[in-house]
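Below, each chain spelled out in residue letters.
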Amino acid sequence: SNNMLNKVGRYCSEKKLFVVSSGIDKDLFKAPDIESKLEDEIRNILFVGNLRKVKGVQYLLAAFKIVKKCSKKPVKLTVIGDGPLKKQLIELAGRLGLGDDVEFLGEKKHEEIPHYMKEAHLIVLTSLYEGLPNVLLEALAMGLPIVATNVGGVPDIVQNGFNGYLVKPRDFRELAKKICEIINDDEKLLKFSRNSLIKSEKFLWKKIAEKIERIYQQLI
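Below is a short write-up of the structure. These figures come from a predicted structure and were not determined experimentally. (Residues numbered from 1 in each chain as written. Predicted model: local features only at pLDDT ≥ 70, side-chain atom pairs only at ≥ 80, totals over all residues. Heavy atoms only, no water.)

## Details of the overall build of the protein chain
So, step 1. Along the backbone of the protein chain there are 9 helices and 6 strands.
So, step 2. On C-alpha atoms alone, the protein chain measures out to a radius of gyration of 18 Å, which is about the 17 Å that the 2.2 N^0.38 rule sets for 220 residues.
So, step 3. Taken along the three principal axes of its C-alpha coordinates, the protein chain extends 60 × 35 × 30 Å.
So, step 4. Carbon and sulfur atoms make up 49% of the accessible area of the protein chain, which totals about 11600 Å².
So, step 5. Across the protein chain, the centroid of the 37 positively charged side chains sits 7 Å from that of the 29 negatively charged ones. (Helix = DSSP H or I, 4+ residues; strand = E, 2+ residues; numbered from the N terminus. Rg over C-alpha atoms; globule rule 2.2 N^0.38 Å. Areas by Shrake-Rupley, 256 points an atom, 1.4 Å probe, with all protein chains shown as cover. Lys, Arg positive; Asp, Glu negative; His and termini not counted. Charge placed at Lys NZ, Arg CZ, Asp CG, Glu CD.)

## A short note on the pattern of salt bridges
So, step 1. Evaluated as defined, the whole model comprises 9 salt bridges.
So, step 2. A salt bridge links Lys-188 to Glu-181; the shortest N-O distance between them is 3.6 Å. (Salt bridge = Lys/Arg side-chain N within 4 Å of Asp/Glu carboxyl O.)

## Digging into a nonpolar patch on the surface
So, step 1. Together, Phe-18, Val-20, Ile-212, Tyr-216, Leu-219 and Ile-220 make up an exposed nonpolar region whose accessible area comes to about 640 Å².
So, step 2. Within the element layout of this structure, Phe-18 appears in the loop between helix H1 (2-8) and helix H2 (34-37).
So, step 3. Phe-18 sits in the partly exposed class, given a relative accessible area of 33%. (Patch = residues over 30% accessible without salt bridge, like charges linked within 9 Å, V, L, I, M, F, W, Y side chains within 5 Å. Buried < 20%, exposed > 50% of the residue type's maximum accessible area, 1.4 Å probe, protein only.)

## Regarding the state of the cysteines
So, step 1. Enumeration over the complete set of coordinates arrives at 1 disulfide.
So, step 2. Covalent S-S linkage joins Cys-70 and Cys-180, the inter-sulfur distance amounting to 1.6 Å. Measuring the twist about the S-S bond at about 40 degrees, one finds the Cys-70-Cys-180 disulfide to be right-handed. Within this pair, whereas Cys-70 is found in helix H3 (residues 57-70), its partner Cys-180 is found in helix H7 (residues 172-183), the two being separated by 110 residues in sequence.
So, step 3. The class of Cys-70 is partly exposed, set by a relative accessible area of 32%.
So, step 4. Judged by its relative accessible area of 7%, Cys-180 falls in the buried class. (Disulfide = S-S within 2.5 Å.)

## Details of helix H4 (residues 86-95)
So, step 1. Leu-89, Leu-92 and Ala-93 are the residues of H4 that are buried. Along H4, the residues classed as buried sweep out an arc of 100 degrees about the axis, all on the same side. More than 90 degrees from the buried face of H4, the exposed residues found are Lys-87, Gln-88, Gly-94 and Arg-95.
So, step 2. Packed against the buried residues of H4 are H3 and strand E3 (102-106).
So, step 3. Where H4 terminates, the next one or two residues include Gly-97, which has phi positive at roughly 70 degrees. (Arc of directions from axis to C-beta. Contact = heavy atoms within 4.5 Å.)

## Some remarks on the sheet that holds strand E5 (residues 146-149)
So, step 1. Across the sheet, 6 strands lie side by side as E3-E2-E1-E4-E5-E6; this open sheet has parallel pairing. The two strands at the open ends of the sheet, each matched to only one other strand, are E3 and strand E6 (164-167). Mean inter-strand twist for the sheet, computed between neighbouring axes without regard to direction, equals 20 degrees.
So, step 2. Note that strand E1 (residues 43-48) and strand E2 (residues 75-80) share 6 bridges and pair parallel. What sits directly across from Asn-44, in E2, is Lys-76. (Pairing = 2+ DSSP bridges. Axes fitted to C-alpha atoms, helices over the stretch in contact; angles between N-to-C directions.)

## What about the pairing of E6?
So, step 1. Residues Gly-164 and Leu-166 line one face of E6 and the alternating positions Tyr-165 and Val-167 line the opposite face, and both faces are buried.
So, step 2. Note that E5 and E6 share 4 bridges and pair parallel. Bridge assignment links Ala-148 to a residue of E6, and that residue is Leu-166.

## Comments concerning the environment of Ala-176
So, step 1. Assignment of secondary structure puts Ala-176 in helix H7.
So, step 2. Classification of Ala-176 by relative accessible area gives buried; the value is 0%.
So, step 3. Among residues more than four places away in sequence, those in contact with Ala-176 are Ala-63, Ile-66, Val-67 and Cys-70.

## Description of the side chain of Ser-127
So, step 1. Within the secondary structure, Ser-127 sits in the loop between strand E4 (122-125) and helix H6 (134-141).
So, step 2. Those residues in contact with Ser-127, other than ones at most four positions away along the chain, are Val-54, Lys-55, Thr-149, Val-151 and Pro-169.

## Here we look at the packing of H3 against H4
Helix-helix packing is characterised by the crossing angle of the two axes and by the distance between the axes.
So, step 1. The geometry of H3 relative to H4 is characterised by a closest axis approach of 10 Å and an angle of 15 degrees between their N-to-C directions. Judged by the inter-axis angle, H3 sits roughly parallel to H4. Both H3 and H4 take part in a crossing whose hand is right-handed. Between H3, through Val-57, Gln-58 and Leu-61, and H4, the contact on the second element is made entirely by Leu-89, Leu-92 and Ala-93.
So, step 2. A class-by-class count of the residues in the contact of H3 with H4 yields 5 nonpolar, 1 polar and no charged. (Parallel < 35°, antiparallel > 145°, perpendicular 65-115°, else oblique. Left-handed = near helix turned anticlockwise from the far one by under 90°. Nonpolar A, V, L, I, M, F, W, Y, C, P; charged D, E, K, R; others polar.)

Purely spatial values, then, with no claim about function.
Here it is, written out as C-alpha cells:
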C-alpha cells in the first residue's frame, strides 16, 4: 500500500520502491445487477473478517444500533468470520437490543463470499489497523459501496465521497452517520456502487501482472 511505501521510504530511496497490491479474481467476484438491489425491502450491511479486537466489530455493533433508528428501510447486519471475540460480540449484540437484525454466520469458505456480497448493499470495515484488505478489493469487484476506517492501505481502495466513506477508528457515531447516508439515498448508493466497479479495474490480476513485468524490465 502507499501507507507502507511512506513508512519504508524513511529507510531507503523512493527510486527503489514500488507499490504492488494484491489482485482481484474477476472469475469468482462478478458484480450482480446493481440497480435491481434498489428494489429490495431490506438494506443489508456486510462485515467479513476475523472477530478479533483489532477488527473493531464492537464499534460496528454500537453503530448499527444507531443505524436501526436512522434507516428509512428495515436494515440487517450480516457478520461473517470467526475468532476469540465471537461469543462476546454475540452477547454485546444482545445487550444492545439488536435481536435478529444481526446475524453471525461464522467462517465461510472464500468461494462462498461472493454470494453474501451479492446480497449486501454495502460493506463495512472497522479495523483499528490494516494492511491492504483483500475483502475490500473483492467488494470493489462486486460493486459494493464501502464505509471503512481510515487506516493502513484502506485509502488506496476507498476514495472518500467517490465509492464510499472513510471514518476515524472507534468513532461509531460517524460510522453510523455515513452508513445511513448511503442506505437512505438510492442515488448515492447506485453512484458509489458504479464507482467501486470503476475502481476495481486497476486491481485486476492482469493489471497487477503487467505492473510487475514493467518493474522487472526497469530493474534489468
